[in-house]
Amino acid sequence: MVEIRTAAQPSAAVREERLWQRHIEMAKLGATAKGGVNRQALSPEDAAARRLLAAWAAARGFTVSTDAIGNLFVRYEGQDPAAAPVLTGSHMDSQPTGGRFDGIYGVLAGFEALEAFVDAGLRLRRPVELVAWMNEEGSRFQPGAMGSAVFAGGLALDAALAITDRAGVSVAEALRQTLAAAPVPQRPALGGPVAAYIEAHIEQGPRLEAEKRTIGVVTGIQGQRRYTVDVVGEEAHAGTTPRAARKDALSAAVAIVAALEQLMADPADTVRFTVGRFEVHPGSPNTVPGRVHFTVDFRHPEAAVLAERGDRIAAVAARHAKGCAVTVAEISRVAPTAFAPLVIDLVRDCAARLGYANMDMPSGAGHDAMHVARIAPAGMIFVPCWRGISHNEAENATPADLAAGARVLTEALASLANA
Ligand SMILES: [Zn+2]
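Residues numbered from 1 in each chain as written. Predicted model: local features only at pLDDT ≥ 70, side-chain atom pairs only at ≥ 80, totals over all residues. Heavy atoms only, no water.

K.L.:
What is the right way to look at the side chain of Ser-90 in this model?
P.N.:
Take Ser-90: it is sitting in strand S3 (residues 86–91). Residue classification places Ser-90 among the buried residues on the basis of a relative accessible area of 0%. A polar contact of 2.8 Å, which involves the side chain of Ser-90, links it to the side chain of Glu-199. Apart from residues lying up to four places away in sequence, Ser-90 is in contact with Gly-103, Gly-106, Val-107, Val-131, Ala-132, Trp-133, Tyr-197, Glu-199, Ala-200, His-201 and Asp-368. (Helix = DSSP H or I, 4+ residues; strand = E, 2+ residues; numbered from the N terminus. Buried < 20%, exposed > 50% of the residue type's maximum accessible area, 1.4 Å probe, protein only. Polar contact = N/O pair within 3.5 Å; in protein donor to acceptor, adjacent residues only side chain to side chain. Contact = heavy atoms within 4.5 Å.)

See the structure below:
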């Protein structure tokens, strides 16, 4: 009876203390004085993390390999080695002042799932591969999510390898140094096939904690439109120019921002609208401002909302120009990622079966899963993080929540690998 139960529930072999200890060990690599992590992509600290993961993998008998863009793979062989593998993972690189859980949690939860399969004596039809994607954060080399983009065919390998950091070091050179410091066998080919992909990650937002849920069933990754707005009026003397005669660019820009806040009003608080840069020229206390430059960052999980409200920004700005000239330029547009209903439903079912309070939610941040979703059914599992704080050395999560996410991941991977 016990053996049947174990086989049916490999998550029973997930060990909270082991998973937590691995986080403690990884957090030493690039540890900062304030308790965070600085482990940027293809740095010596990144190489050290690769060596540690590879050593743990070797100790459990898993095969380790890397591809041409430096993604690191740990493979639990399937009964049918030729079958397309189920993938799980996230990233080991961090922001310069990053936390101990962003990215590395998804890698260690995936590793815990592989260990749980072995400990439970569970053989699966498909191979299950844990991936540590190269350069998710994009702080040293832009763009971020580079390894998963190349893997999924969204970015050409040669173009990615030629990208340089601020010191002029190319991805190709940094990767060569990293692999010299953390050598693993090369895979013959780049990319899929991939049967399915699940990524576990801390939420990086406050909703799960606020609503007292342990598991976020991630339905997709919201899309994003970015704009610049330039308002050009006329500089004038602050003492002599009557207000009725002015073309005050600041006065117009303030009215435009207020009108855009109305346009973006959302009782459900799903719309994300941010004016993060606001520059007033010439910036003299006794001169009526002649020019204002500001940015707009607008995000939403639904393509229709992104299209409808985003397309109205220019007209709303023009209506509040107050005699100034207004130019609205869209500088980038990223479509929302919809995860596969198959994976979303599976994650929700596994969470419910294990008795975890859960909720469906979109991801506010970008993740490697957005690229993998282009080539395979994909989904994500979120666990709470303290006050939603992330990209910050104070980032925190509880051992119990991390283990809960790993259990849901383990069940979901087992189900997909036997499909
Ligand atoms: Zn991350």
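K.L.:
I'm lost on the packing of aromatic side chains in this one. Help?
P.N.:
The geometry of two aromatic rings is summed up by the distance between their centres and the angle between their planes. Counted under the stated rule, the structure contains nine aromatic pairs. Aromatic side chains Phe-62 and Tyr-76 sit 6.0 Å apart centroid to centroid with 85° between the ring planes, which places their arrangement in the edge-to-face category. Remark: Tyr-76 occurs in strand S2 (residues 72–76) and Phe-62 occurs in the loop between helix H3 (44–59) and strand S1 (63–66); sequence separation between them is 14 residues. Assigned by exposure class, Phe-62 and Tyr-76 land together as buried. Both rings, one in Phe-62 and one in Phe-111, keep their centres 5.8 Å apart while their planes meet at 90°; by these two values the pair is edge-to-face. Linking Phe-62 in the loop between H3 and S1 with Phe-111 in helix H4 (residues 104–119), this pair joins segments that are 49 residues apart in sequence. By relative accessible area, which is 6% here, Phe-62 ends up buried. Taken together, Trp-56, Phe-62, Tyr-76, Phe-111 and Phe-117 form an aromatic cluster joined through their ring pairs. Taking the ring centre of Trp-56 as reference, the NZ or CZ of Arg-22 above it sits at 4.4 Å. Note that Arg-187 overlies the ring of Phe-73, its terminal NZ or CZ placed 3.6 Å from the centroid. (Phe/Tyr/Trp six-rings, centres within 6.5 Å; stacked < 30°, edge-to-face > 60°. Lys NZ or Arg CZ within 6 Å of the ring centre and 35° of its normal.)

K.L.:
It is not clear to me how the coordination of the zinc ion should be interpreted in this structure. Could you clarify?
P.N.:
Reference geometry at the metal: tetrahedral coordination by four donors gives ideal angles of 109.5 degrees; octahedral coordination by six donors gives 90 or 180 degrees. Around the zinc ion, the donor atoms from the protein are His-91 (NE2), Asp-102 (OD) and His-201 (NE2), and they sit 2.0 to 2.2 Å away. Coordination of the zinc ion draws on donor residues from a single chain, spaced H-x10-D-x98-H in sequence. Taken together, the residues His-91 in strand S3 and His-201 in strand S5 (residues 196–202) connect sequence positions 110 residues apart. His-201 shares its class with His-91; the two are buried. (Donors = N, O, S within 2.8 Å, 3.2 Å for Na, K, Ca; no water.)

K.L.:
Could you clarify how one ought to interpret helix H13 (residues 399–417) in this entry?
P.N.:
Side chains that are three or four residues apart share a direction in an α-helix, a result of its 3.6 residues per turn. Taking 1.5 Å as the rise per residue, H13 with 19 residues should run 27 Å; its terminal C-alpha atoms sit 26 Å apart, in good agreement. For H13, the tally of buried residues reaches 16 of 19 residues, placing the bulk of the element in the interior. (Expected span 1.5 Å × (residues − 1).)

K.L.:
Sorry if this is basic, but what is going on with the nonpolar core here?
P.N.:
Across soluble globular proteins, nonpolar side chains show a tendency to be buried alongside one another. Core analysis: the largest hydrophobic core is formed by 84 residues, its most contacted members being Met-26, Leu-53, Val-74, Met-92, Phe-117, Ile-198 and Ile-215. Every residue in contact with Met-92, bar those within four places of it in the chain, is listed here: Met-26, Arg-39, Ala-49, Arg-50, Leu-53, Leu-72, Ile-104, Val-107 and Ala-132. Among the nonpolar cores identified, the runner-up in size contains 24 residues, and Val-229, Val-292, Ile-313 and Ala-317 belong to it. (Core = buried A, V, L, I, M, F, W, Y, C linked by side-chain atoms within 4.5 Å.)

K.L.:
Looking at this model, I keep getting lost on the pairing of strand S16 (residues 378–383). Mind explaining?
P.N.:
In summary, the side chains of a regular strand alternate between the two faces of the sheet. Burial analysis of S16 places six of its six residues in the buried class, the great majority of the element. Of the two faces of S16, the one carrying Ala-378, Met-380 and Phe-382 and the one carrying Gly-379, Ile-381 and Val-383 are both buried. Both S5 and S16 contribute to a ladder of six bridges, which runs parallel. Bridged to Ile-202 within S16 is Val-383. Judged from the three bridges that link them, strand S6 (residues 215–221) and S16 form a sheet pairing that is antiparallel. Its bridge partner being in S16, Val-217 is matched across the sheet by Ile-381. (Pairing = 2+ DSSP bridges.)

K.L.:
Explanation requested: the pairing of S2 in the structure shown.
P.N.:
Most of S2 is tucked away, with five of its five residues classed as buried. The alternating pattern of S2 places Leu-72, Val-74 and Tyr-76 on one face and Phe-73 and Arg-75 on the opposite face, and all of these are buried. Pairing between S1 and S2: four bridges, direction antiparallel. Within the sheet, the bridge partner assigned to Thr-66 lies in S2 and is Leu-72. Between the antiparallel neighbours S1 and S2 lie five residues, among them Gly-70 with a positive phi of about 90°. As paired elements, S2 and strand S4 (residues 128–133) share five bridges and run antiparallel to each other. Note on S4: the bridge partner recorded for Leu-72 is Ala-132.

K.L.:
Explain unusual backbone geometry to me, please; I cannot follow it from the model alone.
P.N.:
Among all residues save glycine, negative phi is the norm, and among peptide bonds the norm is trans. The omega angle of the peptide bond from Gly-192 to Pro-193 is 5°, so this bond is cis rather than trans. Structurally, the position occupied by Pro-193 is in the loop between helix H7 (171–181) and S5. Put simply, His-281 and Pro-282 share a cis peptide bond, and its omega is 0°. Along the chain, Pro-282 falls in the loop between strand S10 (278–281) and strand S11 (287–288). For Gln-204, which is not glycine, the phi torsion reads 65° and is therefore positive.

K.L.:
Sorry if this is basic, but what is going on with the environment of Val-194 here?
P.N.:
Relative to the helices and strands, Val-194 resides in the loop between H7 and S5. For Val-194, a relative accessible area of 10% corresponds to the buried category. Separated by 110 residues in the primary sequence, Val-194 and Ala-84 have C-alpha atoms spaced 5.4 Å apart. Among all residues touching Val-194, those that are not within four sequence positions of it are Ala-84, Pro-85, Leu-87, Phe-151, Ile-375 and Ala-376.

K.L.:
It is not clear to me how the confidence of the model for the chain should be interpreted in this structure. Could you clarify?
P.N.:
Caution is warranted with low-pLDDT regions, since their predicted coordinates should not be read in detail. Residues of the chain with pLDDT of at least 70 account for 98%, and the chain-wide mean is 95. Note on residues 1–7: pLDDT is under 50 here. Beyond four places in sequence and across chains, it has two contacts. (pLDDT = per-residue confidence, 0-100.)

K.L.:
Just checking my understanding: could you explain the pattern of salt bridges for this structure?
P.N.:
A side chain with one charge may pair with a side chain of the opposite charge, provided their charged atoms come close. Using the criterion set out here, one finds 23 salt bridges in the structure. Of the charged contacts, one joins Asp-80 and Arg-125 as a salt bridge, the two residues approaching to 3.8 Å between their closest N and O atoms. Of this pair, Asp-80 sits in the loop between S2 and S3 while Arg-125 sits in the loop between H4 and S4, and the two are 45 residues apart along the sequence. By relative accessible area, which is 30% here, Arg-125 ends up partly exposed. Connected through shared salt-bridge partners, Arg-18, Arg-22, Arg-60, Glu-112, Glu-115 and Asp-119 make up one network. (Salt bridge = Lys/Arg side-chain N within 4 Å of Asp/Glu carboxyl O.)

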